[in-house]
Structure formats: structure tokens, C-alpha cells
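Listed below, chain by chain, are the residues.
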Amino acid sequence: MQSISASAEANSAKGIPIVRCEGISKFFGGVKALDSVSVSFKAGEITALVGDNGAGKSTLVKIISGLHKHDEGKLWLGDTLVDHLTPRKARVAGIETVHQNLLLCDNLDIAANVVLGEEPTRFRFGPLKIIDHHASREKARAQLDRLGTSLPDLSRPVERLSGGQRQAIAIARAIMKAHRLVILDEPTAALGLRQTEATLEVIRRVAQTGVGVILISHNLDNVFAVADRIVALRQGRIAWDVTAAETKRETLVAAMTGLLAAPAL
Ligand SMILES: Nc1ncnc2c1ncn2[C@@H]1O[C@H](COP(=O)(O)OP(=O)(O)OP(=O)(O)O)[C@@H](O)[C@H]1O
Ligand SMILES: [Mg+2]
């Protein structure tokens, strides 16, 4: 997790835009997946991104995480206009993403997947480093415990795990590494009740340290349980962007399904 000084710095940045999209469009052949989307995501704020299947949610977060390049519009990271964002550049900027079809390294064990890129080392000389496997396991264990996931043997390869266990590992890794923004695309879809509750609690705590969160979910109970703000996409356009406290569930559903026009957009 972040050091105290890093969280203090993040806390003081609360409410400041981390990512800003201005008129972003994305085409896949003849399909306009995103149609002039303008939205920003702020430090310390949990934004739920909702909408029907195919609304463009995953496409939007793939653009923010550097996996897709937008065709039109502008993308800002902080004050910097980014022309060509790559997954690596996004990571360096402190943005970590758990994609809907998540990626784990099947050839590595559970602990190695959790601490990937953040491995504690015993010895470091220039590019040469020796990973401290014991410390790696402890670090991975602590993070998984916080998410309510009990995996007795962290030396097991991840290829043998269930969908929910794999998801918990991917979330643990992203939350541990994200210094500015963590993006979770359907993070609780494969999780049990206890892990879902624990994950929502960790999301709240992460936001309190000043990290921004984008949570994509079809589960409106989860959305209302944690979101500060709700953004709904419909057919590639922003249909709703309001604070969660001002939103009634029926109104949100109406906006998502096109029965209601967006408030003052
Ligand atoms: N790589 C791709 N190639 C072609 N079309 C795509 C691709 N990715 C997304 N699309 C299309 O773009 C539109 C938006 O898809 P997207 O995956 O962003 O929706 P979503 O809101 O995440 O949906 P879901 O809730 O089902 O995950 C859909 O019409 C989809 O078919
Ligand atoms: Mg999706």
C-alpha cells in the first residue's frame, strides 16, 4: 500500500481530476462504441460506471488504461494532454485496471501474481534483484485477507483456481499498485457474498486515501452501497452524471434504458 506521505499527498489532491475525457469517440468498423463522451474522474471519488450490455463501459475504460486508442476527442491525465496512451504509460501514471476478462500469469503462483511488479527484494544491484519469496507471500497474504479471500496455499499456480479466486487476486494486485486511479470492470461478478462485501469495503478505504475509483457494475445494490457519483452510458453516450446521493434507483434505471433524459447535460 501507499506510504503515509504518499496518502497524505493523495488526500490533499482529493477532488482534483485525474483523468478527463473531452468529446471522445471510438469506432469499431461501422459500430460507434463511444459517441462524443465528456467525463472526468477525480481523486478520492468512487464513480460507478453503469449501463446496459454494449453501452460502451469497457471501451471507455480501455481507452483510459491505454488498451484502445480513441478516434476522436481529447484525453487528459491531470494537466497533460495525452496523444498516445499505452498500458505502460497509464501504469506509470498510477492507473491500474482490472479488465472484464482479466489477465493473470498462469505460469506464476498466487503470491507472485498478487505482488507482480511490486515484489519485495532481498538484494538489488542495478537491474539485478533477488526476490524475497517469504516477504512476497506475507505481502500477498495481507492483501488477500483484506479482501476476505482465504487461499491456504499461495504457492499454488493460479491456473487451477476458480473464477472468483482469480478475480480476487487481480483486484488485490490492482488496488495495491494504483497510486492515482483504480479501474474495476465488473470486479464482483464472480465473487461470493463475503468477498463482495470485503471488496466494497476495500474500495471505500482506497478512495479515502485519495485514490480515484471507477467501478463498473450491473449490480445496482453494490453501486449505491459505495458510489459517490454515478455515470450512466447508453448507446455510447453519457446518459447520466450525478452524485449518488441525489439519484433514486428508479430514475437511474430510467436513464439507463432511455426513458429519461439526462439532467442538464
Ligand atoms: N474489439 C471490438 N471489436 C469490435 N466491436 C467491439 C469491440 N469492443 C467492443 N465492441 C463493440 O462496442 C460496443 C461497446 O462494447 P463494450 O464492451 O464497451 O460494452 P459494455 O458496456 O462494456 O458491455 P457489457 O456490460 O456487456 O460488458 C458494443 O457494440 C461492442 O460490440
Ligand atoms: Mg463490458
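A brief report on the enclosed structure follows. Not measured: the values here are computed from a predicted model. (Residues numbered from 1 in each chain as written. Chains lettered and ligands numbered in written order. Predicted model: local features only at pLDDT ≥ 70, side-chain atom pairs only at ≥ 80, totals over all residues. Heavy atoms only, no water.)

**Here we look at the environment of Ser 162**
Position of Ser 162 among the secondary structure elements: in the loop between helix H5 (133-146) and helix H6 (163-177). For Ser 162, a relative accessible area of 38% translates into the label partly exposed. (Helix = DSSP H or I, 4+ residues; strand = E, 2+ residues; numbered from the N terminus. Buried < 20%, exposed > 50% of the residue type's maximum accessible area, 1.4 Å probe, protein only.)

**A few points about the nonpolar core**
Core analysis: the largest hydrophobic core is formed by 35 residues, its most contacted members being Ile 110, Val 114, Leu 144, Ile 169 and Val 182. The set of elements that each furnish at least two residues to this core consists of helix H4 (110-115), H5, H6, strand S9 (181-185), helix H7 (193-208) and strand S10 (212-216). With residues near it in sequence (within four places) discarded, Leu 144 still touches Ile 110, Val 114, Thr 149, Leu 151, Leu 154, Ala 168, Ile 169 and Ala 172. Counting 28 residues, the second largest nonpolar core, distinct from the first, contains Cys 21, Leu 34, Ala 55 and Ile 238. (Core = buried A, V, L, I, M, F, W, Y, C linked by side-chain atoms within 4.5 Å. Contact = heavy atoms within 4.5 Å.)

**What to know about the site of ligand 1**
As a structural note, the neighbourhood of ligand 1 is formed by 13 residues, with Asn 53, Gly 54, Lys 57, Ser 58 and Thr 59 the closest of them. In the environment of ligand 1, an oxygen atom lies 2.9 Å from a nitrogen or oxygen atom belonging to the side chain of Asn 53. In the environment of ligand 1, an oxygen atom lies 2.8 Å from a nitrogen or oxygen atom belonging to the backbone of Gly 54. Taking 640 Å² as the accessible area of ligand 1 by itself, protein coverage stands at 63%. When contributions to the shell around ligand 1 are tallied by element, the ones reaching two or more residues are strand S2 (31-42) and helix H2 (57-64). Looking at the shell around ligand 1, the element that brings in the most residues is H2, giving three residues. Taken together, the residues of the shell around ligand 1 sort by class into four nonpolar, seven polar and two charged. (Near = heavy atom within 4 Å. Polar contact = N/O pair within 3.5 Å; in protein donor to acceptor, adjacent residues only side chain to side chain. Areas by Shrake-Rupley, 256 points an atom, 1.4 Å probe, with all protein chains shown as cover. Nonpolar A, V, L, I, M, F, W, Y, C, P; charged D, E, K, R; others polar.)

**Re the coordination of the magnesium ion (ligand 2)**
In this structure, Ser 58 (OG) and Gln 100 (OE1) serve as the protein donors to the magnesium ion (ligand 2), at separations of 2.0 to 2.2 Å. Here Ser 58, found in helix H2, pairs with Gln 100, found in the loop between strand S6 (95-98) and H4; they are 42 residues apart in sequence, far enough to count as distant. Taking the relative accessible area as the measure of exposure, Ser 58 reaches 17% and is therefore buried. By relative accessible area, which is 42% here, Gln 100 ends up partly exposed. (Donors = N, O, S within 2.8 Å, 3.2 Å for Na, K, Ca; no water.)

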